[in-house]
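Overview (structure and organization)
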Amino acid sequence: MPHLEVADIFRAHGPAWREAERGHFGLGQLKVMSAIEQCRSAALGGHSLRCSACAEPQIAYNSCRNRHCPKCQSSAAQRWLEARRADLLPVPYYHVVFTLPAPISAIAYTNKEIIYGLLFDIAAETLRTIAADPKHLGARIGTTLVLHTWGSALTHHPHVHGIVPGGGLAADADRWVPCKPGFFLSVRVLSRFFRRRFLEELQHLHRDGQLQFFGDHIDLADADVFADWLMPLRQCAWVVYAKRPFAGPEQVLSYLSRYTHRVAISNSRLIAHDERGVTFRWKDYREHGRTRYKMMSLQSEEFMRRFLLHVLPSGFHRIRHYGLLANANRKHDIAAARELLHQPAPTPPPDSSDSNPDHGHTRPTFVCRHCGAPMLVIETFTRAQHIRGPPASVLSR
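So, a few notes on the structure that sits alongside this text. (Residues numbered from 1 in each chain as written. Predicted model: local features only at pLDDT ≥ 70, side-chain atom pairs only at ≥ 80, totals over all residues. Heavy atoms only, no water.)

1. Regarding the sheet that holds strand 13 (residues 375–381)
- What the three strands build is an open sheet, ordered 2-1-13; its pairing is antiparallel. The open sheet has two edge strands with one neighbour each: strand 2 (57–61) and strand 13. Each strand of the sheet is rotated relative to its neighbour by a mean of 25°, with strand direction disregarded.
- Pairing of strand 1 (residues 46–51) with strand 2, which is carried by five bridges, proceeds in the antiparallel orientation. When the bridges of strand 2 are listed, Leu-49 appears paired with Gln-58. (Pairing = 2+ DSSP bridges. Helix = DSSP H or I, 4+ residues; strand = E, 2+ residues; numbered from the N terminus. Axes fitted to C-alpha atoms, helices over the stretch in contact; angles between N-to-C directions.)

Right under this line is the structure:
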């Protein structure tokens, strides 16, 4: 029996739900729904294949390649991880999480691009500023931040995961400054700095009229109401969490592969789709041990609504690099760090384009599911072309 997929739920209930909720979706959400529904189906075209050994025929449909599609992300994640492998240093790596309080998460949904971007920038600024302070580390560090907007139950829960090498370059780049064994930076100091800087910038955004408010938050458009709304947030503790160091650089890659190219829920967590709705596995972080792993059932419409909460603005980058790992200076800074750590430069992987498939140096794109031999493309068919009428402006002439 084929494993249940998010696409199955959207295909079964998406068309009727779209019609019933017409006008309540953004264009980006509609595009994601359409992409997931059509992924690896005849609607996107594909290839007719035949095994070069046993002549077994096969049809391979094209992927939608939408970054929100659970089925399309595994190969993208693998390519990204291979590109990042060259950046690993022979030092401990730490995992830091910055989470927005629930009141700010509520207004972030209608201000995704601005507040998610602010979350990235302030989290990176917090790490770099505290690390540069001689009282804490006194070094220039690098970090990779990955945005997650969901909790395990698909609720809206914006936070960023930071993967940080355990140390950095001294101010004059003449030595590597390591962290204390098993300790990166004070979580308490990080939390307070993060809270202060985020609220400062949030107030500046409000003053400049860049925030939008709707529904229950419409009154926050008033400056005095917004200032009163911020007061409790200045007093409560903001969650900044630091995990123990990874066992080694390779474990970092293994961990990142589960976080970098994933949105909302993976198909492997889905259990059933029946008259009760959609049943899936989730983790209750308020509990410990085996009892934290639970099952949840949602009506199909509610499941789709929660999934679409996490559609990102078009062009928004959910993986970003800062400091020593920033794209502009990564090559130079990583080379300097390796030299100070006495680590030789990694050997670049062989260029697959120079390999000869006849000698078995490259893995074929399509492999026979029966015997493992390469599949040959014998026919290509394009996606369906729907007949479209001319624009209304043309008809009115």
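2. What to know about unusual backbone geometry
- Even without glycine at this site, Arg-40 takes up a positive phi of about 55°.
- Its place among the elements puts Arg-40 in the loop between helix 2 (27–38) and strand 1.
- The backbone of Arg-65 sits at a positive phi, close to 60°, despite the residue not being glycine.
- Exposure remark for Arg-65: the relative accessible area of 75% places this residue in the exposed category. (Buried < 20%, exposed > 50% of the residue type's maximum accessible area, 1.4 Å probe, protein only.)

3. Focus: the state of the cysteines
- Using the criterion set out here, one finds zero disulfides in the structure.
- Looking at Cys-69, it has no disulfide partner, and the nearest cysteine sulfur is the one in Cys-64, 3.8 Å off.
- Since its relative accessible area comes to 3%, Cys-69 is described here as buried. (Disulfide = S-S within 2.5 Å.)

4. Focus on the pattern of salt bridges
- Inspection of every chain in the model, using the stated rule, returns 18 salt bridges.
- Two residues, Glu-287 and Lys-294, come together in a salt bridge whose shortest N-O distance is 2.9 Å.
- Among the charged side chains, a network of salt bridges with common partners joins Glu-125, Arg-196, Arg-197, Glu-200 and Glu-201. (Salt bridge = Lys/Arg side-chain N within 4 Å of Asp/Glu carboxyl O.)

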